[in-house]
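Residue-level listing of the chains:
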Amino acid sequence: MTDKKRPGAREHGIIIKSADEIARMRRAGQVVALALERLGQGAVPGATTLALDQMAEAVIRSFGAIPTFYNLYGYPAHVCTSVNDEVVHGIPGERALQEGDIISFDVGATVEGMMADGAVTVGVGEIAPEAARLLQVTYDALCRGLAQARPGNRVRDIARAVQRYVEANGYSVVRKLVGHGVGRKMHEPPQVPNFVDESAPGAETLAVGMTLAVEPMVNQGGPEVVQDADGWTYRTRDGSLSAHFEHTIVVTERGSEILTLRHAPTRTPAGRRCREEECRR
Ligand code: MG
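Nothing here was measured: the structure is a model prediction, and the numbers come from that model. (Residues numbered from 1 in each chain as written. Predicted model: local features only at pLDDT ≥ 70, side-chain atom pairs only at ≥ 80, totals over all residues.)

Q: Even after reading the chapter, I still don't get the nonpolar core, so can you show me in this structure?
A: Judged by nonpolar contacts, the single largest core of 85 residues is most densely connected at Ala28, Val31, Val32, Ala35, Ala109 and Val218. In this structure alanine 35 touches Ala56, Val59, Ile60, Val107 and Ala109, once residues within four positions along its chain are discounted. (Core = buried A, V, L, I, M, F, W, Y, C linked by C-beta atoms within 7 Å. Buried ≥ 20, exposed ≤ 12 C-beta atoms within 10 Å, placed from the backbone. Contact = placed C-beta atoms within 7 Å.)

This is how it looks when you write it as structure tokens:
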């Protein structure tokens, strides 16, 4: 029998969400998914990351939702736009995208006090085959991780599945930055790493009603990242490309539900249909 926890209860500091809270997160997740889809469509040569930020803000607010990242810890924009060797937390600005770039979009939305968080990396115009492979492997690694999200498993079962898949494909997972619990706040316990070793967190056991943001960041080269002088942007130390995919999920009796998956069919950057079944392997 599933070990069912009371909504509002805390397990290892992880808040079990009520059905009503999950319903609001589901709505926030759909706003995130739509904003990410529009950002992907808008990532064409010549588009500036600032224009994309403004477009995403308008999409989010059109649903009465709040762009969660704005002013979070002092962040100066509504979404994150990280280009090529930038890993995460790139700040939108006057930079114009060029044919062959890859860009990671990270979006948070709040609906009636509940939050969802998602990210996707897309190519700008035609991209090199090795860049396309990085995107596909990162997306597939996320799916491998999500397939381990079920009651009774530990957080590190997600991490192990992600790391194995990434490393089997010759890439590295970023260790400095990790996924997280999400819901009432953007960052809640537990930490959700993408690697497993003696120092990694992840001993917590998953239970129904826990809500997590799972977000592998995958580098073509080494796993090391450095932060720019802007205090936000992380990039690969070796200048190699980096990709980032993220979903917010809720742990259910049968496994998990992806809250940031577009209900309408969408396409991954590599052209494959993104369907919930793919994350159930
Ligand atoms: Mg996140």
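There's plenty left to go through after this.
Q: Explain the sheet that holds strand E5 (residues 86-88) here, please?
A: In any sheet, the strands associate via hydrogen bonds between backbone groups, in a parallel or an antiparallel arrangement. If you walk across this open sheet you meet the three strands as E5-E14-E13, and the pairing is antiparallel. The open sheet has two edge strands, E5 and strand E13 (225-227), and neither has a second partner. Sheet twist, expressed as the average angle between the axes of neighbouring strands with direction ignored, equals 40°. Note: E13 against strand E14 (residues 234-236), three bridges, orientation antiparallel. (Pairing = 2+ DSSP bridges. Helix = DSSP H or I, 4+ residues; strand = E, 2+ residues; numbered from the N terminus. Axes fitted to C-alpha atoms, helices over the stretch in contact; angles between N-to-C directions.)

Q: What should I look at first to understand helix H3 (residues 129-146) in this one?
A: One turn of the α-helix equals 3.6 residues, which is why residues spaced by three or four share an orientation. The end-to-end C-alpha separation of H3 is 26 Å, in line with the 26 Å expected for 18 residues at 1.5 Å each. For H3, the buried fraction is high: 13 of the 18 residues fall into the buried class. (Expected span 1.5 Å × (residues − 1).)

Q: How should I be thinking about the environment of valine 44 in this particular structure?
A: For valine 44, the position within the fold is in the loop between helix H1 (19-42) and helix H2 (49-62). A sequence separation of 57 residues divides valine 44 from aspartate 101, and the C-alpha atoms of the two residues are 9.4 Å apart. The contact partners of valine 44, leaving out residues within four places of it in the chain, are Leu97, Val124 and Gly125.

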